[in-house]
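Coordinate analysis (summary)
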Amino acid sequence: MTVRAPAGYAAIITAAGRGARAGSDRPKQWRNLGSQPVIAHTLAAFAGFDRIVLVVHPDDMADAVTRFAGPVTIVTGGETRSASVMAGLLALEGQASHVLVHDGARPLTPASVIQGVVDALQGGAVAAAPALPVSDTLWRGDGGNVTAITTRDGLYRAQTPQGFRLPEILAAHRMHPGGATDDVALALKIGLEVTITPGSEDNLKITWPDDFARAERLMGAERLMGNAMDIRMGNGFDVHAFEPGDHVWLCGIRVPHDSGLKGHSDADVGMHALTDAIYGALAQGDIGRHFPPSDPQWKGTESHVFLRHAIDLARERGFRLGNADVTLICETPKIGPHADAMQTRLAEIMQVETGRISVKATTSERLGFTGRGEGIAAIATATLIGG
Ligand code: MG
């Protein structure tokens, strides 16, 4: 989920620090987290903002431009964090009503944290920033010994993004150039009221080498949850006309009948609808895309080849079949006596339990082409579950 910021809201992402503490030659915000640099994850969290200013060290300018120029305005920062934020603010002066200032080294900020800041500003706050109440007991120590217990009442751990009305925070920076560790501190210096919004334990700032491992664990957990939630549905519809013959193929079962069904393959209308439902759930077109009717090699193909292809494609992409439901629409032949055999056959082709497959039938009350006995129609729904 990405926060869609209101018009006039901008974000400044500070990434000009050299991050020596994270233990690498490369500044921490340019080191990979998963397959992308930390800063790419951070920027992605703010993709729903109209304006994003990325503040980088002059040494990283070329890399930043190559990767992010276009949707992101890139400026060089100063010696201090405060000077870097000022550079970002100047790039936005007169072009935004509100700004959220965020540490580039916080790549996993939940959307709810950003939304909380936006909501507070939308509600009229001049300044708002996320924080977590301190829950651990705090000690004062000296030489490895506890010297005092400090009360944690009213103490918070500050996070970012810190949000402000742009003119006010710009004024604060102008009045106190280079004068504070973060923007909330500056806001307080000029007497602004700062609303505390909900922070998150997942909103970690990558500071130490171990933080990369922790961030990767968090991302892994998120991916697993995302996959478990990746539920796809597809539908399929097919029609085949009757022609002279003595049987029809429906859902893989040969059903004796006083006509046949006309088609390039075996004309198994039920299996075609189901196959298209699976391709649909995968956003992979339909049978015609994978087995073009113009290609003579598929002439007379038994339709289980198509269904098998679709379900194999689903498995290759990490999905399993949740369930499938096929409805055959015709006046004749009678489907009821064959429905169990069809269910069993489809389950066998797709290698799933029969309880996940439904085959049923309806007439169209003698209305339309199916009602007049000109052909058979079928609709199907399939659910695929990722993970
Ligand atoms: Mg067909």
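Rules behind the numbers
- Residues numbered from 1 in each chain as written.
- Predicted model: local features only at pLDDT ≥ 70, side-chain atom pairs only at ≥ 80, totals over all residues.
- Heavy atoms only, no water.
- Helix = DSSP H or I, 4+ residues; strand = E, 2+ residues; numbered from the N terminus.
- Rg over C-alpha atoms; globule rule 2.2 N^0.38 Å.
- Contact = heavy atoms within 4.5 Å.
- Areas by Shrake-Rupley, 256 points an atom, 1.4 Å probe, with all protein chains shown as cover.
- Lys, Arg positive; Asp, Glu negative; His and termini not counted.
- Charge placed at Lys NZ, Arg CZ, Asp CG, Glu CD.
- Domains from an automatic or database assignment.
- Donors = N, O, S within 2.8 Å, 3.2 Å for Na, K, Ca; no water.
- Buried < 20%, exposed > 50% of the residue type's maximum accessible area, 1.4 Å probe, protein only.
- Polar contact = N/O pair within 3.5 Å; in protein donor to acceptor, adjacent residues only side chain to side chain.
- Core = buried A, V, L, I, M, F, W, Y, C linked by side-chain atoms within 4.5 Å.
- Pairing = 2+ DSSP bridges.
- Axes fitted to C-alpha atoms, helices over the stretch in contact; angles between N-to-C directions.
- Salt bridge = Lys/Arg side-chain N within 4 Å of Asp/Glu carboxyl O.
- Parallel < 35°, antiparallel > 145°, perpendicular 65-115°, else oblique.
- Left-handed = near helix turned anticlockwise from the far one by under 90°.
- Nonpolar A, V, L, I, M, F, W, Y, C, P; charged D, E, K, R; others polar.
- Phe/Tyr/Trp six-rings, centres within 6.5 Å; stacked < 30°, edge-to-face > 60°.
- Lys NZ or Arg CZ within 6 Å of the ring centre and 35° of its normal.

On to the overall build of the protein, then. Within the protein one finds 12 helices and 19 strands. Relative to the compact-globule value of 21 Å for 387 residues, the protein shows a C-alpha radius of gyration of 31 Å, a clear excess of over 25%. Partitioning the intrachain contacts of the protein with sequence separation of at least 6 by distance along the chain shows that 70% fall at a separation of at least 24. Here the protein has roughly 18700 Å² of accessible surface; of this, 53% comes from carbon and sulfur atoms. A distance of 4 Å separates the average location of the 35 positive side-chain charges in the protein from that of its 42 negative side-chain charges.

A few words now on the domain arrangement of the protein. Size of an interface: often given as the accessible area lost when the parts come together. One can read the domain layout of the protein as domain 1 (9-225) and domain 2 (230-386). One C-alpha centre belongs to domain 1, the other to domain 2; they are set 54 Å apart.

The protein atoms that coordinate the magnesium ion are Asp238 (OD), His240 (NE2) and His272 (ND1), at distances of 2.1 to 2.3 Å. Going along the chain, you hit the donors of the magnesium ion in the pattern D-x1-H-x31-H. Of the two residues, His240 is situated in strand 13 (residues 231-244) and His272 in helix 8 (residues 269-281); the sequence distance between them amounts to 32 residues.

Along the chain, Thr160 turns up in the loop between strand 10 (156-158) and strand 11 (162-165). On the accessibility criterion, Thr160 (4% relative accessible area) is buried. Each C-alpha atom, one on Thr160 and one on Asp182, is 9.6 Å from the other, the two residues being 22 residues apart in sequence. Apart from the residues within four sequence positions on either side, Thr160 is in contact with Val101, His102, Asp103, Arg106, Thr109, Val113, Pro130 and Asn203. A distance of 2.7 Å separates the side chain of Thr160 from the side chain of His102, its partner in a polar contact. Within the structure, Thr160 has its side chain in polar contact with the side chain of Arg106 (distance 3.4 Å).

Next up on the list: the nonpolar core. With 46 residues, the main nonpolar core has Leu274, Ile278, Leu346 and Met350 as its most contacted residues. Sorting the residues of this core by element identifies strand 14 (247-250), strand 15 (253-256), helix 8, helix 10 (304-316), strand 17 (319-329), helix 11 (339-350), strand 18 (357-362) and strand 19 (375-386) as the ones contributing at least two each. Take this core: its biggest share by element is 8 residues, from helix 8. With residues near it in sequence (within four places) discarded, Ile278 still touches Leu307, Ala310, Ile311, Ala314, Met350, Ala382 and Leu384. With 29 residues, the next largest nonpolar core counts Ala11, Ala40, Ile114 and Ala120 among its residues.

Let us look at the pairing of strand 9 (residues 145-150). In this sheet, strand 9 lies alongside strand 8 (residues 138-142) in antiparallel orientation, the contact comprising 5 bridges. Counterpart to Arg140 in the pairing with strand 9 is Ala148. In sequence, strand 8 turns back onto strand 9 through a hairpin of 2 residues, with Gly143 there showing a positive phi of about 60 degrees.

The strand order across the open sheet formed by 5 strands is 16-13-19-17-18, and the pairing between neighbours is mixed. Either end of the sheet is taken by a strand with one partner, and the two such strands are strand 16 (259-261) and strand 18. On average, each strand axis in the sheet is tilted by 25 degrees relative to the strand beside it, whichever way the strands run. Where strand 17 and strand 18 come together, 6 bridges link them in parallel fashion. Looking at the pairing, Leu328 lines up with Ala361 of strand 18.

Let us look at the pattern of salt bridges. A complete count under the given rule lists 13 salt bridges for this structure. Among the ionic pairs, Asp183 bridges to Arg81, the shortest N-O distance being 2.9 Å. Linking Asp183 in helix 6 (residues 183-189) with Arg81 in helix 3 (residues 81-92), this pair joins segments that are 102 residues apart in sequence. Its relative accessible area of 1% is what places Asp183 among the buried residues. The class of Arg81 is partly exposed, set by a relative accessible area of 24%. Salt bridges linked by common partners bring Arg81, Asp103, Arg106, Asp183 and Lys205 together as one network.

Orientation of helix 3 relative to helix 5 (residues 166-175), taken along the N-to-C sense of each, is 135 degrees, at an axis distance of 10 Å. It follows that helix 3 is oblique to helix 5 by the angle criterion. As helix 3 packs across helix 5, the resulting crossing turns out to be left-handed. Residues Ser82, Val85, Met86, Leu89, Leu90 and Leu92 of helix 3 form the contact with helix 5, whose own contacting residues are Leu166, Ile169, Leu170, His173 and Arg174. Split into classes, the residues belonging to the contact of helix 3 with helix 5 amount to 8 nonpolar, 2 polar and 1 charged.

With respect to the helices, strands and loops of the structure, Ala129 is situated in strand 7 (residues 127-133). Along the primary structure Ala129 and Thr197 are separated by 68 residues, whereas in three dimensions their C-alpha atoms are 5.6 Å apart. Not counting chain neighbours up to four residues away, the residues in contact with Ala129 comprise Val117, Pro161, Gln162, Val184, Val194, Thr195, Ile196 and Thr197.

Once that is clear, we can look at the packing of aromatic side chains. A complete count under the given rule lists 4 aromatic pairs for this structure. Between Phe291 and Phe306 the ring centres are 4.7 Å apart and the planes differ by 50 degrees, which places this aromatic pair in the tilted class. Of this pair, Phe291 sits in the loop between helix 9 (287-290) and helix 10 while Phe306 sits in helix 10, and the two are 15 residues apart along the sequence. Taken as a pair, Phe291 and Phe306 share a single burial class, namely buried. Stacked on the ring of Phe212, the Lys or Arg Arg31 has its end atom at 4.0 Å from the ring centre.

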